[in-house]
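Chains, contacts and geometry: an overview
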Amino acid sequence: MIREITIGQYYDEESVIHRLDPRVKLVATLIYIISIFVVNNIPGYAFVVVFLGICIALSHVPFKFIVKGLKPVMIILFITIAFNMLLTPGEILWKFWILKISREGLKAGATMALRLTLLITGSSLMTLTTTPNNLTDGMERLLRPLTRIRVPVHEIAMMMSIALRFIPILLEETDIIMKAQMARGADFESGNIFRRAKALVPLLVPLFVSAFRRANDLAMAMEARCYRGGEGRTKMKPLKYNGRDYAAYAIVWLFLAGCIVLRIVL
Amino acid sequence: MSMTLEHVNCIYSADTNHSVHALKDICLTINDGEFIGLIGHTGCGKSTLVQHLNGLIRPTDGLITYNGQDIYGKGFNRKELRGHVGLVFQYPEHQLFENDVFSDVCFGPINLGLDRKEVELRAYEALHAVGFPDEDFESSPFEISGGQKRRVAIAGVLAMKPDILILDEPTAGLDPKGREDILELISRLHRENSMTIILVSHSMDDVAGYAERLIVMDHGSIAYDDKPQEVFKNVRELEAMGLALPEVTYIMRTLKRNGYDVDDTLTTIDEAVDAIVSLYKSRHS
Ligand SMILES: Nc1ncnc2c1ncn2[C@@H]1O[C@H](COP(=O)(O)OP(=O)(O)OP(=O)(O)O)[C@@H](O)[C@H]1O
Ligand SMILES: [Mg+2]
């Protein structure tokens, strides 16, 4: 049930994309996001879609699995489209009571939906192909210059990696507790909104208790191993760029250039 | 009032490269009043199997019936089924949530839609059955000891008065006394209320003394389904599955190997003591 949620999960496979340095993937994702907002016409979007398609194919992550990850955000997507369609003023196409759909609104809604889908798919491709540890290592390295202005980069990265590590654990726990309460006759699926909210108490209380217990245990384990923050700490596997990482950098910059060209020329 | 599974398969994360075929073509009939021990190595699918029995996991393939009715058939009420088939999860103490022990045990019967009086009566009986002291009914379920939490959690399911009671490793992590108490309680429920029991365990010692039928699972399939004495004859196969015979059976086997004339298929300490004592007497009289 709840374990079907795939957002932020890592999908173990052997592929070029998996082997890329996490810094490359972070920077590439950033550039990719910028490019989504650079393009503004159909050839531009087609270009982005093709690029993303190639990346997905290279990553060996099944397309089905990625689509499944989109499901939970569908609601947000629909709300965005609806608001854009109904609230953008312009040439009226269809009218019912106080609801009006304009040509401009339709266009804005479609663009927004496309952009959001591309955004989410692209960034989830990064998390799907990078282990949480690698991801935070990359983040820590990229942000290291900020330590000069006293940003606690290591601590932030550590918190992120712990948070990411805990997502699957808490999902699993939620699944078990939910089933255990259902075995005692709890019903999470029917009734009006108030009844449903009340039905969540038997789920949330044990979940919080266990989250705090886990946090406590983890803190204890870290202290027992003399963890004392990032200062003077070395890495077991330092990040190192390879040939393919430079090639990947070149490709994403070219991609961004392509998007800019498509916007200016057409 | 029986339960059957026909060619049940369960595959987790089906469309991915880490899919797990957790149950493979399971066929099983659970008759009324049986005491079944379900045993197997870690990850062989015991918990998955028992969660199919009360409709918490839908089989990827196959048919499950309760009293002849398909539990995924049209109009079948699975919530009601969960009142008849009580399942105590592994580490059930993690599901406690109320302010006090008594209310937590009331949760199940309330969900069955019973009236207040009946609910409280059942909760009271269930807590009594598990031997929980009256004076602690008002304490918070988060402040009592681990063994007591386990009892409260079991009472929470007992209070629903199920016909079939399934316990997933109820003795894991308890001290010898706690284990003994819980097993004794389960055996009493079986004897006195003729409840059908399915006891899931890693340990042969736990099930050997109580179960009348033993189901051994191995990598998602049923390897043996027979009387304990029959199952224990397959020593080498069981050991290859990462299981062991009960301690006393090993002792009896060693005795037999060394030329003592004893029955080497005994599985409980009491039987073994009797056998050894009578052998001793026959030699010295
Ligand atoms: N929700 C799930 N999603 C994916 N895989 C799962 C899930 N639950 C169980 N599994 C896998 O299915 C297999 C069987 O698990 P199950 O929990 O039934 O084993 P078990 O016999 O109860 O083990 P244990 O003795 O450790 O409790 C295991 O390989 C496990 O990793
Ligand atoms: Mg289990």
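Residues numbered from 1 in each chain as written. Chains lettered and ligands numbered in written order. Predicted model: local features only at pLDDT ≥ 70, side-chain atom pairs only at ≥ 80, totals over all residues. Heavy atoms only, no water.

**Considerations on the sheet that holds strand E7 (residues 164-168) of chain B**
Residue and element names in this part refer to chain B. If you walk across this open sheet you meet the 6 strands as E6-E7-E8-E3-E9-E10, and the pairing is mixed. The sheet is open, and its two edges are formed by strand E6 (85-88) and strand E10 (221-226), each paired on a single side. Pairwise comparison of adjacent strand axes, ignoring direction, gives a mean angle of 15 degrees for this sheet. Those strands touched by helix H5 (residues 146-158) are E6 and E7, and its axis lies near 165 degrees from that of E6. (Pairing = 2+ DSSP bridges. Helix = DSSP H or I, 4+ residues; strand = E, 2+ residues; numbered from the N terminus. Axes fitted to C-alpha atoms, helices over the stretch in contact; angles between N-to-C directions. Contact = heavy atoms within 4.5 Å.)

**Overview of the domain arrangement of chain B**
Residue and element names in this part refer to chain B. Entries for chain B in the domain assignment read domain 1 (3-245) and domain 2 (246-285). The C-alpha centroid of domain 2 is placed 33 Å from the C-alpha centroid of domain 1. Contacts between the two partners involve 11 residues from domain 1, matched on the other side by 8 residues from domain 2. Buried area between domain 1 and domain 2, summed over both chains or domains, comes out near 820 Å², and the portion from carbon and sulfur atoms is 64%. Summed over the shared surface of domain 1 and domain 2, the number is 0 salt bridges. At the level of secondary structure, the elements contributing two or more residues to the side of domain 1 that touches domain 2 comprise helix H7 (204-208) and helix H9 (235-240). (Domains from an automatic or database assignment. Buried area = accessible area lost by both parts, 1.4 Å probe. Salt bridge = Lys/Arg side-chain N within 4 Å of Asp/Glu carboxyl O.)

**Description of the pattern of salt bridges**
Residue and element names in this part refer to chain A. Counted according to the given criterion, the structure contains 17 salt bridges over all chains. In this structure, the salt-bridge partner of Asp-21 is Arg-23, at a minimum N-O distance of 3.0 Å. Judged by its relative accessible area of 4%, Asp-21 falls in the buried class. We classify Arg-23 as buried; its relative accessible area is 6%. (Buried < 20%, exposed > 50% of the residue type's maximum accessible area, 1.4 Å probe, protein only.)

**Description of the pairing of E10 of chain B**
Summarising the sheet, strand E9 (residues 213-218) of chain B and E10 of chain B pair through 5 bridges and their orientation is antiparallel. Across the sheet, residue Met-217 of chain B finds its bridge partner in E10 of chain B, namely Ile-222 of chain B.

**Here's the deal with empty space enclosed by the protein**
Residue and element names in this part refer to chain B. Scanning the entire structure with this criterion turns up 3 cavities of 30 Å³ or more. Surrounding the second largest cavity, Leu-28, Ile-30, Ile-36, Leu-38, Leu-49, Leu-53, Ile-198 and Ile-215 form its lining. At the level of elements, strand E2 (20-30), strand E3 (35-40) and helix H1 (46-53) are the ones that each hand at least two residues to the lining of the second largest cavity. (1 Å grid on protein atoms, 1.4 Å probe; cavity = no way out; pocket = protein on both sides within 12 Å on 5 of 7 lines; lining within 4 Å. Points joined across faces, edges and corners; volume = space filled by probe spheres on them.)

**A word on the sheet that holds strand E5 (residues 69-70) of chain B**
Residue and element names in this part refer to chain B. Judged by pairing direction, the sheet is antiparallel, and its 4 strands sit side by side in the order E2-E1-E4-E5 without closing on themselves. The outermost strands of the open sheet, each flanked by one partner alone, are E2 and E5. Of the strand pairs in this sheet, strand E1 (residues 3-12) and E2 are connected by 7 bridges, and their pairing is antiparallel. Within E2, the position partnered with Met-3 by the bridge is Ile-30.

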